[in-house]
Amino acid sequence: MILALSGVPLVIVSIIAFVLIIGVIIIVHEGGHFFFAKRAGILCHEFSIGMGPVLYKKQFGETTFCLRAIPIGGFVSMAGEEVTSELVKVGEKIGVNIEDGQISEIILDENKDCQLRGEIVDLDLYGQNNEVLFITIQDGLENKYYPVKRDAFYVFEKNKRMQITPYDRSFESKSLWKRFLTIFAGPMMNLILALIIYLIVAFATGVPNYSSTQIGEISSELGSAGLLEVGDEITAVNGTRVSDWNEFTEALDGVYDKNNTRVSITVLRNGVEETYEIEAITYIASIGLSNIQASKDALEVDGLRVGNIAIRYKDEGKKGSYPLSSGDIITKMRIDRIENGVTQEGEVISLTKDSWGRVIEEFKNTNLCHVYFEYYSQAKKGIVTIEECIQENVVIESYTNEVLDNQRIEKIQQKIGVSPSMQFDFLGSFSQAGGNFWNDFTLIFRTLKLLIAPSDVRQVGVSDLSSFVGIFSMVSNYIGAGFLSLLSFVALLSVNIGVMNLLPIPALDGGRIVFLGYELVTRRKPSKKVENIINNIFFILILILFVFITYNDILRLFR
């Protein structure tokens, strides 16, 4: 898909991909509800993809399938979910059409022709104890009793039709187990979809061949330097011989443990051993600082070249705008450590182009801190001092170890930009897919812990969450990374939607399962009216939260 649309502007490709991705996830989710509802014999009035105004609809059997204007959700409207199952009541005037002595259509459009019109005197369109459905009509002369077909239709204005809901076709008439499966099936299908996608990705890419030291992939930065090449076999790290990828990784860790940022790599290429000195790719996750893709211009300023900056820091400095930009040069820094709410001012440290090891050392054993930099600004074409940053309240607040550990992010990341070769492994692919699935499955619980668990320092809040606007931005990034990366992102979204819907919150599938649990324990059904009121209240609260998160997403886009 991406290759076929390579001539189309990225924003158009992103919109198409976003709509398709969200559409597939919604169809799978609602399809799970629909399939198990039909198996249980529940009447489904509507299967809708999207929210808002209807763009297209088509009736298939008992169900109307709709495509709606806003591609951010969907629903299956099942019989018995309403507070009342009857849309007409005693004293109301209606029209009816009769077929074989039974009412086949109940006409609620006053202007539509029908066989008989009159006022309802008595009725039962539910038949809870398998009783005959009927309507008694006063036609102006006498009361007339008519049985009603169990598959009769209401007919509204503009010829809109909806099948009546007898008790035996309603959601509430089914066993507890069937109702549970119908509700649980939506999230379950999202989780199954994610697992299948991860299997596809694992089979397509293969699994790392850790028994070899052959390089399967190198970073663009390392490749452009003309050093290591794909296919090289690594034979030594700083003179220490290695025979497989695990030994190579352990040797690198030994180098990094000493805060070294340069490493000597010996490779076997075309039968000849060559040795290269490589500068490690360094990323300090706690403050979003790295030397990744740092510029190599000939500016005569001695200091650390700033590379790519983590998006969170670039867009949302806690105490002010993030001072640095890619290409700036850091000449000094001051780290003010914070313990138990008390700030301890640090000393000013001078930095040179070879000081990454010193920076790593400072941050390795530092938890919460405020960081000030003196740096050469490419934008201002001059030095910005630490004093100026203090005066303007421009300071970087580091992520705590708690936050990084929770999200399974290494605080100090050092790489040389090589990956092992890949090989097909049937069982290994299942293991890799399962590991990726489990990591994504638990991610949402780890994130919820950061949001709601008691903490002395709250660094992650609702404003850090993403709505569909944020997801659209991420889709654009993943498109550039390739089709398999985009597939993995779809799996992550599917897992998130599945798990989110299982949370015990009214208005979500998990909340409805809680009501089923109440019924299982008490042996009585909760009041349908009370359940609907609670669901509606929480639906409004979720909608307000969604609007707030979307507002923050839009602000991030402008930043």
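Reference entry: report on the structure contained in this document. (Residues numbered from 1 in each chain as written. Predicted model: local features only at pLDDT ≥ 70, side-chain atom pairs only at ≥ 80, totals over all residues. Heavy atoms only, no water.)

## Some points on the sheet that holds strand E16 (residues 289–290)
In spatial order, the strands read E16-E15-E24; together these three strands make up an open sheet with antiparallel pairing. The open sheet has two edge strands, E16 and strand E24 (412–415), and neither has a second partner. Across two bridges, the pairing between strand E15 (residues 281–284) and E16 is antiparallel. By the bridge assignment, Ile284 is partnered in E16 with Leu289. In this fold helix H6 (residues 356–364) packs onto E15, E16 and E24, with an angle of close to 30 degrees to the strand it touches most, E15. (Pairing = 2+ DSSP bridges. Helix = DSSP H or I, 4+ residues; strand = E, 2+ residues; numbered from the N terminus. Contact = heavy atoms within 4.5 Å. Axes fitted to C-alpha atoms, helices over the stretch in contact; angles between N-to-C directions.)

## Some words on empty space enclosed by the protein
Rolling a probe over the atoms, with the probe sized like a water molecule, indicates the empty space that remains. Scanning all chains against the criterion turns up one cavity of 30 Å³ or more. Considering only enclosed or pocket space, the largest cavity measures out at about 60 Å³ in volume. Residues belonging to the lining of the largest cavity are distributed by class as follows: six nonpolar, two polar and three charged. (1 Å grid on protein atoms, 1.4 Å probe; cavity = no way out; pocket = protein on both sides within 12 Å on 5 of 7 lines; lining within 4 Å. Points joined across faces, edges and corners; volume = space filled by probe spheres on them. Nonpolar A, V, L, I, M, F, W, Y, C, P; charged D, E, K, R; others polar.)

## A closer look at the packing of helix H9 (residues 426–452) against helix H11 (residues 483–502)
Close contact between H9 and H11 brings their axes to 9 Å; oriented N to C, the two are set at 45 degrees. For the element pair H9 / H11, the angle class is oblique. Note that H9 runs across H11; the crossing there is right-handed. Along the contact surface, H9 presents Phe437, Asp440, Phe441, Leu443, Ile444 and Phe445, while H11 presents Leu492, Val495, Asn496, Val499 and Met500. Of the residues contributing to the contact of H9 with H11, the split by class is nine nonpolar, one polar and one charged. (Parallel < 35°, antiparallel > 145°, perpendicular 65-115°, else oblique. Left-handed = near helix turned anticlockwise from the far one by under 90°.)

## Concerning the sheet that holds strand E11 (residues 233–237)
Strand order across the open sheet formed by four strands is E12-E11-E13-E14, with antiparallel pairing between neighbours. Of all the strands in the sheet, just strand E12 (240–241) and strand E14 (272–279) have a single pairing partner and so form its edges. The pairing of strand E13 (residues 262–269) with E14 spans eight bridges and is antiparallel. When the bridges of E14 are listed, Ile265 appears paired with Tyr276. Where helix H4 (residues 245–257) meets the sheet, its contacts fall on E11, E12 and E13, and the angle it forms with E11 comes to roughly 35 degrees.

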